[in-house]
Amino acid sequence: MPFRVSLFLLLTAVAARALDREVTFERDVRPILKAHCTHCHGEEEKPKGGVDLRLRRFMDKPLEGGGHVLVPGKPGESEMVQLIREGEMPKKGKKLTAEQIAVIEKWIAQGAKVTKPEPETLALGMFITDEDREWWAFKPIARPAVPQTGSDRVRSPIDAFVLAKLREQKLDFAPEAEKRALIRRVTLDLTGLPPTPTEVDGFVADTAPDAYEKLVDRLLASPAYGERWARHWLDVAGYADSNGFMEVDSPRLHAWRYRDYVIRAFNDDKPWSGFIAEQLAGDELAGATHADTQQVMLDPHKRDQLVATAFLRLGPDGTDDGAPDTKLARNQAIAEEIRIVSSSLLGLTVACAQCHDHRYDPISQADYYRFRAIFDPAYDWQKWRNPSQRLYSLYTPEERAKADAIEKQIGDINREAQAMSKKFLDEIFEKEVVKLPEAEREPYRAARATAEKDRTPEQKALLKKYPSALALYSLDLYDKDAQKKVLDKIAEGTKLRATKPPEGMVMALTEVKGVVPGTRVMNRGDHDQPKQFVEPGELSVIERAPLAPKPTDTGSTGRRLAYARWLTSGQHPLVARVLVNRFWLHHFGRGLVNTPGDFGALGEAPTHPELLDWLASDFMQGGWKLKRLQRLMVTSTTYRQSSLSDASSKADPDNKLYGRFKMQRLDAEALRDTMLAAAGTLNRAAFGPPIGIARDLSGRIVVGQEELNANRDIVKVKSLGKDDFRRSIYVQVRRKQPLTVLEAFDAPVMTPNCELRSSSTVAPQSLLLMNDTFVLDTARAFATRLRGESQGDARGQIVNAWRILFGRSPQEPDMQRALAYIAEQTEAVRNYHHGIQHAKDAPAPDPHLDALASYCQVLFSSNRFLYVE
């Protein structure tokens with residue numbers, strides 16, 4: 001829903017509810033004034049018209065032109081009401097709704113009262129009230145008591161909380177999903193790949209009470225688990241293999257090490273307390289600064305910590321790409337990183353306070369810059385380091401010494417080649433200069449020997465008069481044997497360079513030792529209008545104590561490390577709630593808070609606040625280990641329900657109460673990877689540089705390498721061999737060139753990160769499944785596999801296709817339709833080829849394979865394949 005529309009509906013709903021009860025300033029009126037009025041009347045240095053609406057008592061002050069802001073008991077005589085009703089206020093933005101105006105009028109009519117004493121003094125800027133601090137997301141995380149339900153279907157506290165809510169609406173759990181549906185669901189959920197027929201058969205046949213738990217443990221231990229769940233975090237981290245920002249979208253050649261770090265972290269079940277600390281302050285943990293990373297690189301653990309800081313380098317950054325306004329580009333890069341950090345870890349729209357106090361949440365502009373000050377020593381926009389200046393070599397001292405020695409040899413060879421070339425050219429010159437008039441030979445010789453920048457106008461004119469005698473650059477025009485000797489010498493250096501040890505690089509964030517830039521509030525977010533200095537700190541509304549960072553022994557400020565430790569201290573009210581809500585969302589199809597990047601006033605309230613707090617508390621008490629929490633989630637009755645429940649569907653169509661499993665469409669990566677797995681072509685190689693993408697002749701972005709002609713036009717896309725079939729997480733992510741097959745099925749749009757993917761159902765998806773070459777080629781590969789495994793047995797091929805894709809065999813009506821379709825398509829293809837003269841080197845037509853491939857494409861396009869039930 002568009003931001004302004006959602007805001008309008010929220011405030012209107014709040015106002016409508018207020019009309020049904022006694023109106024209070026703190027609960028009902030102040031939010032309206034904050035959203036529409038106080039940014040001009042109270043939060044700026046000089047309130048407009050001298051009117052400050054932040055406190056009730058400020059409204060008693062007479063207006064400069066006479067009259068009063070409000071007259072208690074008399075809304076008709078209150079200037080506030082008159083100006084709002086006539087549309088004169090607010091001057092900017094959306095006008096108040098009739099319901100909101102009615103609330104203000106009712107409040108004044110009731111005496112314009114407050115429910116508690118107001119502060120004696122109020123500092124300039126945003127006023128954070130007790131009500132602000134009592135917002136559900138800002139309260140300390142509690143450990144609520146687990147409801148007692150007396151139900152034998154309750155397997156865990158999760159089920160108890162969910163069932164208690166269901167019973168409030170006279171609902172119950174749906175029946176448990178049958179085993180074939182359950183193994184497909186949990187396997188795709190945890191690994192992003194389908195179960196094999198053998199795995200399905202084994203699970204169905206296993207009658208042990210813990211058969212499902214054993215299945216879950218096996219999936220959590222699979223390397224595919226990390227590849228699947230890393231992708232979820234890469235969404236909110238804003239991962240891309242390109243810099244974005246400028247249209248050129250230059251590549252980030254070394255970002256993939258961060259992607260691999262995340263995959264390993266998930267597979268190793270790294271505690272999230274450490275995972276967060278390494279991403280925010282891995283350089284400080286490892287003892288690295290900008291000029292001192294060599295020793296860190298020798299320690300695999302510290303090297304990983306440094307790699308993790310690429311999290312703070314993932315936003316769009318155009319400072320290496322010739323951005324027209326370099327100061328603006330630097331500050332925009334920082335602003336995008338602040339947006340990523342705050343939305344991913346705090347679940348708040350902190351970025352909305354960059355230019356002014358947040359309109360709806362208690363986040364001041366000063367808070368924004370205090371938050372930015374935590375990270376400024378690493379960014380330092382006035383002593384900026386471009387992306388290319390933030391790369392750190394993986395060379396060992398021995399490799400560096402060897403590389404330097406080789407470069408010295410190459411330098412000697414190149415100088416020798418230059419000397420040879422000069423010698424040959426000088427010989428040619430001596431032959432040419434004698435052809436000039438004798439009087440001009442010595443002046444010409446002197447002009448040639450003079451550096452170009454030092455030549456007099458007369459010398460320049462003389463050289464221009466006899467250009468053929470210059471003999472400076474055109475050795476090949478004079479002496480092709482001489483030219484070969486020079487080129488051979490240059491080739492010798494090139495060959496020697498190929499023996500250098502390959503130099504890997506790490507994209508990371510570090511501070512410059514001893515450099516601590518000051519952070520200033522920027523008027524309206526403009527870097528050219530700095531205001532007061534601020535110290536690093538947490539958002540005021542949730543701050544428990546000053547940040548108090550301690551500089552590290554190696555010379556960094558320790559600010560990010562101190563902040564990371566506060567976030568994971570167990571006392572922070574947001575981080576654990578935000579994280580467990582995201583984990584829940586990916587398992588159950590919707591979050592307990594269904595706005596995962598916004599736990600503020602414009603976000604949705606939690607449907608199960610006690611369950612959210614219980615999960616957050618349990619997550620922290622369990623050592624911040626994700627696999628343990630996921631095991632609890634996916635083994636719950638709540639997760640194991642059938643997706644079919646008439647009672648739940650009617651009473652709760654959005655499934656907010658979780659009275660059934662929410663049917664979900666395969667996401668973009670799982671769709672592509674599952675197709676490849678079905679075809680038997682999936683390349684399971686892990687880690688490494690991203691697999692390249694290219695634009696084909698029809699404009700699609702596909703896996704491969706562009707082959708260009710002399711005019712730089714695309715001739716064709718060259719296959720990368722087996723790398724064409726790597727898992728989608730290893731395919732290059734370009735911000736401005738998403739892979740077509742992934743984009744059609746709602747791949748994440750990084751602006752600058754993706755807090756919540758959309759799940760659309762649109763015509764281009766059907767068109768892609770019908771016409772895209774990836775789908776057609778993969779369907780044919782699937783058909784080839786089926787025929788190879790069930791040679792000459794049409795029924796066997798159909799059964800095998802269903803078992804591979806759906807984990808079950810077709811019923812007889814499905815079988816008859818499939819056989820009829822394949823027979824019809826075989827005949828149609830045979831008739832098409834009849835009478836056509838094929839090229840001698842063309843493969844012989846294979847009507848049955850074509851028909852079977854067409855049937856495989858139909859299965860790929862079916863809801864039974866596209867959706868997980």
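None of these values were measured; they are calculated from a predicted model. (Residues numbered from 1 in each chain as written. Predicted model: local features only at pLDDT ≥ 70, side-chain atom pairs only at ≥ 80, totals over all residues. Heavy atoms only, no water.)

**Examining the overall build of the chain**
Then comes step 1: For the chain, the count of helices and strands is 35 helices and 10 strands.
Then comes step 2: In the chain, which comprises 869 residues, the proportion classed as buried is 52%.
Then comes step 3: For the chain, the proportion of contacts with a sequence separation of at least 24, taken over those separated by at least 6, is 71%.
Then comes step 4: Accessible surface, the chain as shown: approximately 40,000 Å² in total, 53% of it carbon and sulfur.
Then comes step 5: Looking at the chain, you have 123 positive and 121 negative side-chain charges, and the mean spots of the two groups are 1 Å apart. (Helix = DSSP H or I, 4+ residues; strand = E, 2+ residues; numbered from the N terminus. Buried < 20%, exposed > 50% of the residue type's maximum accessible area, 1.4 Å probe, protein only. Contact = heavy atoms within 4.5 Å. Areas by Shrake-Rupley, 256 points an atom, 1.4 Å probe, with all protein chains shown as cover. Lys, Arg positive; Asp, Glu negative; His and termini not counted. Charge placed at Lys NZ, Arg CZ, Asp CG, Glu CD.)

**Some words on helix H2 (residues 25–36)**
Then comes step 1: With respect to burial, H2 is a largely interior element, 10 of its 12 residues being buried.
Then comes step 2: Those residues of H2 not exposed but buried are Phe25, Glu26, Asp28, Val29, Arg30, Ile32, Leu33, Lys34, Ala35 and His36.
Then comes step 3: At the N-terminal end of H2, a side-chain oxygen is found 3.2 Å from the backbone nitrogen of Arg27, two or three residues along, and the residue is Thr24. (Polar contact = N/O pair within 3.5 Å; in protein donor to acceptor, adjacent residues only side chain to side chain.)

**Concerning the packing of helix H18 (residues 438–449) against helix H19 (residues 457–465)**
Then comes step 1: Close contact between H18 and H19 brings their axes to 9 Å; oriented N to C, the two are set at 110 degrees. Classified by the interaxial angle, the pair formed by H18 and H19 is roughly perpendicular. Contact residues: Glu440, Pro443, Tyr444, Ala446, Ala447 and Arg448 in H18; Gln459, Leu462, Leu463 and Lys465 in H19.
Then comes step 2: Per-class residue counts for the contact of H18 with H19 are six nonpolar, one polar and three charged. (Axes fitted to C-alpha atoms, helices over the stretch in contact; angles between N-to-C directions. Parallel < 35°, antiparallel > 145°, perpendicular 65-115°, else oblique. Nonpolar A, V, L, I, M, F, W, Y, C, P; charged D, E, K, R; others polar.)

**So, the packing of aromatic side chains**
Describing an aromatic ring pair means giving the distance of the ring centres and the angle of the ring planes.
Then comes step 1: The tally for this structure, following the rule as stated, stands at 29 aromatic pairs.
Then comes step 2: Seen from their ring centres, Trp233 and Phe311 are 6.0 Å apart, and the 20 degrees between their planes marks the pair as stacked. In this pair, Trp233 is assigned in helix H10 (residues 223–237) and Phe311 in the loop between helix H14 (300–308) and helix H15 (326–346), connecting sequence segments 78 residues apart. Neither Trp233 nor Phe311 differs from the other in exposure class; each is buried.
Then comes step 3: Between Phe782 and Phe860, the aromatic rings sit 5.7 Å apart at their centres with planes inclined by 20 degrees, giving stacked as the arrangement. Of the two residues, Phe782 sits in helix H31 (residues 773–789) while Phe860 sits in helix H34 (residues 847–860), which places them 78 residues apart along the sequence. Pair check on accessibility: Phe782 and Phe860 agree, each one buried.
Then comes step 4: Members of the aromatic cluster, each reached through a chain of ring pairs, are Trp233, Tyr258, Tyr261, Phe266, Trp272, Phe275, Phe311, Phe583, Phe619 and Trp624.
Then comes step 5: When the ring centre of Phe806 is taken as reference, the NZ or CZ atom of Arg864 above it lies at 5.7 Å. (Phe/Tyr/Trp six-rings, centres within 6.5 Å; stacked < 30°, edge-to-face > 60°. Lys NZ or Arg CZ within 6 Å of the ring centre and 35° of its normal.)

**Side note on unusual backbone geometry**
Then comes step 1: The step from Met89 to Pro90 runs through a cis peptide bond, and the omega angle for that step is -5 degrees.
Then comes step 2: Along the chain, the position of Pro90 falls in the loop between helix H3 (79–85) and helix H4 (98–109).
Then comes step 3: Here the residue pair Thr751 and Pro752 is connected by a cis peptide bond, since its omega of -10 degrees sits within 30 degrees of zero.
Then comes step 4: By the element assignment, Pro752 lies in the loop between helix H29 (740–744) and helix H30 (763–771).
Then comes step 5: For Arg524, which is not glycine, the phi torsion reads 55 degrees and is therefore positive.
Then comes step 6: Within the secondary structure, Arg524 sits in the loop between strand S3 (519–522) and strand S4 (530–534).

**Points about helix H7 (residues 179–191)**
Then comes step 1: Counted at 1.5 Å a residue, the expected span for H7 with its 13 residues is 18 Å, and the 18 Å between its end C-alpha atoms agrees.
Then comes step 2: Extensive coverage of H7 is indicated by the burial of 11 of its 13 residues.
Then comes step 3: Those residues of H7 lying buried are Ala181, Leu182, Ile183, Arg184, Arg185, Val186, Thr187, Leu188, Asp189, Leu190 and Thr191.
Then comes step 4: Looking one or two places after H7, you find Gly192, whose phi comes out positive at around 75 degrees. (Expected span 1.5 Å × (residues − 1).)

**Here we look at the environment of Pro536**
Then comes step 1: The residue Pro536 is located in the loop between S4 and helix H22 (559–567) in this model.
Then comes step 2: By relative accessible area, Pro536 is classed as buried at 13%.
Then comes step 3: Placed 23 residues apart in sequence, Pro536 and Arg559 show a C-alpha to C-alpha distance of 7.6 Å.
Then comes step 4: In this structure Pro536 touches Arg370, Ala373, Ile374, Leu547 and Arg559, once residues within four positions along its chain are discounted.

**With respect to the nonpolar core**
Then comes step 1: Trp233, Tyr258, Trp272 and Leu280 are the most contacted members of the largest nonpolar core, which totals 176 residues.
Then comes step 2: When residues no more than four places from it in sequence are discounted, the contact partners of Trp233 are Tyr258, Val262, Phe266, Trp272, Phe275, Gln279, Phe311, Ser344, Leu345 and Leu579.
Then comes step 3: Counting residues in hydrophobic clusters, the runner-up holds 21 residues, among them Ile32, Leu70, Leu96 and Val103. (Core = buried A, V, L, I, M, F, W, Y, C linked by side-chain atoms within 4.5 Å.)

**A few points about the environment of Arg54**
Then comes step 1: Inspection of the secondary structure assignment puts Arg54 in the loop between H2 and H3.
Then comes step 2: A sequence separation of 676 residues divides Arg54 from Tyr730, and the C-alpha atoms of the two residues are 52 Å apart.
Then comes step 3: Arg54 has contacts with Phe25, Arg30, Thr38, His41, Gly42, Glu43, Leu122, Ala123, Leu124, Gly125 and Phe127, leaving out every residue within four places of it along the chain.
Then comes step 4: A polar side-chain atom of Arg54 sits 2.9 Å from the main-chain carbonyl oxygen of Ala123.
Then comes step 5: A distance of 2.4 Å separates the side chain of Arg54 from the backbone oxygen of Gly125, its partner in a polar contact.

**Details of the pattern of salt bridges**
Then comes step 1: Summed over all chains, the structure comprises 63 salt bridges.
Then comes step 2: Residue Glu105 is joined to Arg85 by a salt bridge in which the shortest nitrogen-to-oxygen separation is 2.6 Å. Taken together, the positions of Glu105 in helix H4 and Arg85 in helix H3 put the pair 20 residues apart, joining distant regions of the chain.
Then comes step 3: Taking the shortest distance from any N to any O, the salt bridge between Asp376 and Arg372 comes out at 3.1 Å. Here Asp376 pairs with Arg372, and both are found in helix H16 (residues 365–379), just four residues apart, close to one helical turn.
Then comes step 4: According to the relative accessible area criterion, Asp376 is buried, its value standing at 4%.
Then comes step 5: Classification of Arg372 as buried rests on a relative accessible area of 1%. (Salt bridge = Lys/Arg side-chain N within 4 Å of Asp/Glu carboxyl O.)

**Brief notes about the confidence of the model for the chain**
Then comes step 1: Of all residues in the chain, 97% have pLDDT values of 70 or greater, and the mean over the chain is 93.
Then comes step 2: Segment residues 1–9 is flagged for pLDDT under 50; beyond a separation of four residues in sequence, or across chains, it makes eight contacts in the model. (pLDDT = per-residue confidence, 0-100.)

**A look at the state of the cysteines**
Then comes step 1: Scanning the entire structure with this criterion turns up zero disulfides.
Then comes step 2: You can see Cys40 has no disulfide; the closest cysteine sulfur is in Cys37, sitting 8.8 Å from it.
Then comes step 3: Of the cysteine sulfurs around Cys352, a residue in no disulfide, the closest is that of Cys355, at 9.7 Å.
Then comes step 4: Judged by its relative accessible area of 34%, Cys352 falls in the partly exposed class. (Disulfide = S-S within 2.5 Å.)

**As for the packing of helix H11 (residues 256–267) against H14**
Any two packed helices are characterised by the angle at which their axes cross and by the distance between the axes.
Then comes step 1: Two elements in contact, H11 and H14, have axes whose closest approach is 9 Å; the angle formed by their N-to-C orientations is 115 degrees. Between H11 and H14, the angle is such that the two are roughly perpendicular. The two elements H11 and H14 meet at a crossing, and its hand is left-handed. Contacts from Arg257, Tyr258, Tyr261 and Arg264 in H11 reach Asp304, Val307 and Ala308 in H14.
Then comes step 2: Residue composition of the contact of H11 with H14, grouped by class: four nonpolar, no polar and three charged. (Left-handed = near helix turned anticlockwise from the far one by under 90°.)

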